[in-house]
Amino acid sequence: MRFSFNTQLLSRVFISLPAAGRWRAAQSRLFCSSPSSSDQEKPRASMLRHLTSKIKATGPVTVAEYMREVLTNPVTGYYVKNDMLGPDGDFITSPEISQIFGELVGVWIISEWMGAGQPKQLQLVELGPGRGSLSSDVLRVFSQLRSVFGGASVSVHLVEVSPVLSRLQAQSLTGNSSQEADSEDEPVYRHGETAAGLPVSWYRRLDDVPAGFSIFLAHEFFDALPIHKFQRTPKGWREVMVDIDPEKPDRLRFVVAPSPTPASSTLVQADERRGHVEVCAEGGVIVQQLARRIAADGGAALIADYGHDGTKTDTFRGFKGHQLHDVLSSPGSADLTADVDFSYLRRMAGGGVACLGPVTQRTFLKNMGIDSRLQVLLRNCSDPTTRKQLTGSYDMLTNPAKMGERFHFFSLLHHSRLAKPKKPDGLKLEKKKSPAPLPVAGFTELSFS
Ligand code: SAH
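Residues numbered from 1 in each chain as written. Predicted model: local features only at pLDDT ≥ 70, side-chain atom pairs only at ≥ 80, totals over all residues. Heavy atoms only, no water.

Draft legend 1. Representation of the packing of helix α11 (residues 281-297) against helix α12 (residues 342-349) within the structure. Where α11 contacts α12, the two axes come as close as 8 Å, and the packing angle between them is 45°. One element, α11, and the other, α12, form an angle in the oblique class. Here the hand of the crossing between α11 and α12 comes out right-handed. Facing Ala281, Gly283, Gly284, Val287, Gln288 and Ala291 of α11, the residues of α12 in contact are Tyr344, Leu345, Met348 and Ala349. Of the residues contributing to the contact of α11 with α12, the split by class is seven nonpolar, three polar and no charged. (Axes fitted to C-alpha atoms, helices over the stretch in contact; angles between N-to-C directions. Helix = DSSP H or I, 4+ residues; strand = E, 2+ residues; numbered from the N terminus. Parallel < 35°, antiparallel > 145°, perpendicular 65-115°, else oblique. Left-handed = near helix turned anticlockwise from the far one by under 90°. Contact = heavy atoms within 4.5 Å. Nonpolar A, V, L, I, M, F, W, Y, C, P; charged D, E, K, R; others polar.)

So this is what it looks like as C-alpha cells:
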C-alpha cells in the first residue's frame, strides 16, 4: 500500500543518511527590514546607463522588460554576475537553511517515480538551482536508496542562466570534473559527472532539455521571472511602465501607460476584480512547456515558492544584503522578486495535466515526515550548538509565522498518476467499489506508526 511504502522509504532514508552540516540561521527574503539610511550606495552606473539610453531611444519600458534586463542581462544582470545566496549575500532559501528540506524532496521524487511504475529512465531537471544545494541533497538520498532504482538510468539536467552560479553548482555536484562546452552556441553549455557516476548537464533554456520521463523542480525560481504590472483606471486596464524621472535624470520612476499596450490588452482576465494585478507571462509559458512534457513523456513538476492564489496586488520588491530595497534604485545591485500567482500557473497548465496544491510549506514538510527526520538527527547529536541549529532551522522552515505559511508547494502530475487503477480483465468486481486514487506524498498526510 502506498502509505506504508512511503513510511518505509522515509524510515530507511532517515536512519541511514548522515547529517550534512549545513545548518544556517539566517534571514529569508520574508524577514527583511527596511533599508537603512546608510544604504545610499551609488547607482550601478552601467545598468542604469543602459536602461536610461534604452528609454530615451524607444520610450518607457514595461516592468517585465525592466526586470529581465536587471536580472538576466547577459553582461551586467544581477543573476549573471553574482552569488547572491547565503548569509553574506542578499537572501537565503530553504535548501540553504537545512539539508532536511532537500532530503524530503528527494523522497518525494522517488515516491513519484515509483508511483509512475518505475520507468527505466529518470531525468531530474532543476530550474534555477542557485548554489546546487537542493539537487545535491536530493542526490544524496538517491545514493542512499541506490538499490530502489535497480537498473534505471538517472541523469541530472540543470537550467541556469548564470555562469557564476553554474560554476558553483558544478563544484557542489561534480567536484572538479565538469567541463564547459567549446562553443557558446551549444545547448549543453557545461557537463560533468557526480561522484556516483550520474551525468549532469547545464542548459540556458528548458527547451533544450531532452524529452523523457522527468521530475522537474523549481524552488524560488518562478518569483525571479519578469512580471507585467497593470493598474485599473477609469479608462480601463493600463500597463505600469518604467520611465526616467524628468526632475532627476539619473533616477527612474513608475508611470501608467496612457493607452492600452499589447500586454494590457491580452494578459488581464475579463472578470478580474482587483484594482492592480501582476502577471508573469514568462512563468506561464514555462508552466505550459512543463505541462506539455509531462503529458507526453510522464513525470511531475514540484514548484515551491512564496505566492498566493490570485488574491494579492502589488508584491514587486527588491532585496539587498537581507534588507528590503527600492526596486528602481541602483538597478542590478539588488535582487528583484514578486509573489507567484498559483491560480495563474494552474490556468496556464491547462487540462493536459493534473494540478495539486498549493499547500503550505509547513503542511508539505510535515506530510513528508520532517518531524521524524528531526528526531533522528537530534537523537544522533549531542553537541548543544548543533542541536540548537537543528531545531532553529526546523522552526524557520515550518513555523507559520516564518517560512511555514508564506511558502507553498504546487505540483503538476500526469493524469494517470491520480486515475483509479483499472480493474483487471475477466474479474467480476462490478458490485465492489473501485479503489481510491493513490495519494501523492506531501499533499496527503502520511501516518507514522
Ligand atoms: N533554487 C535556488 C535559487 C533560487 S534564486 C534556491 O532556492 O536556493 C533563482 C535562481 O534562478 C538562480 O539560480 C538564478 O540564476 C536562476 N534564474 C533566474 N532567472 C532565470 C531564467 N530566466 N532562466 C534560468 N534560470 C534563471
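From this point, the discussion proceeds with the structure in view.
Draft legend 2. The arrangement of the pattern of salt bridges in detail. On inspection of all chains with the given rule, the structure shows 20 salt bridges. The salt bridge partner of aspartate 83 is arginine 131, with a shortest N-O separation of 2.9 Å. Note that aspartate 83 is positioned in the loop between α4 (78-81) and α5 (94-97) and arginine 131 in the loop between β2 (121-127) and α7 (133-144), a separation of 48 residues in sequence. Where lysine 229 meets glutamate 278, a salt bridge forms, and the shortest distance between an N and an O atom there is 2.6 Å. (Salt bridge = Lys/Arg side-chain N within 4 Å of Asp/Glu carboxyl O.)

Draft legend 3. The arrangement of helix α15 (residues 384-398) in detail. With 15 residues, α15 extends 21 Å from end C-alpha to end C-alpha; this agrees with the ideal 21 Å at 1.5 Å per step. Among the residues of α15, those classed as buried are Leu390, Ser393, Tyr394, Met396, Leu397 and Thr398. In this structure, the buried side of α15 is in contact with α5, α6 (99-115), α13 (361-367), α14 (370-379) and α16 (400-404). (Expected span 1.5 Å × (residues − 1). Buried < 20%, exposed > 50% of the residue type's maximum accessible area, 1.4 Å probe, protein only.)

Draft legend 4. The site of the ligand, seen in detail. The immediate surroundings of the ligand are formed by 17 residues, with Thr93, Gly128, Gly130, Glu160 and His219 found nearest. Here threonine 93 contributes a side-chain N or O atom positioned 2.6 Å from an oxygen atom of the ligand. Within the contact set of the ligand, an oxygen atom lies 2.5 Å away from a side-chain nitrogen or oxygen of glutamate 160. For the ligand, whose unbound accessible area comes to 570 Å², protein coverage reaches 95%. A per-class count over the shell around the ligand returns eight nonpolar, six polar and three charged. (Near = heavy atom within 4 Å. Polar contact = N/O pair within 3.5 Å; in protein donor to acceptor, adjacent residues only side chain to side chain. Areas by Shrake-Rupley, 256 points an atom, 1.4 Å probe, with all protein chains shown as cover.)

Draft legend 5. Inspection of the sheet that holds strand β15 (residues 335-337) at higher detail. The sheet built from three strands is open, its strands ordered β14-β13-β15 with antiparallel pairing. Two strands bound the open sheet, and with one partner strand each, they are β14 (323-325) and β15. Each strand axis lies, on average, 40° off the axis of its neighbour in the sheet, ignoring direction. In this structure, strand β13 (residues 317-320) lies alongside β14, joined through three bridges in antiparallel fashion. Following the sheet pairing, lysine 320 is matched in β14 by glutamine 323. (Pairing = 2+ DSSP bridges.)

Draft legend 6. Representation of the packing of aromatic side chains in the model. With the rule as written, the count across this model stands at nine aromatic pairs. One Lys or Arg, arginine 317, reaches over the ring of tyrosine 306 and ends 4.9 Å from the middle of that ring. (Phe/Tyr/Trp six-rings, centres within 6.5 Å; stacked < 30°, edge-to-face > 60°. Lys NZ or Arg CZ within 6 Å of the ring centre and 35° of its normal.)

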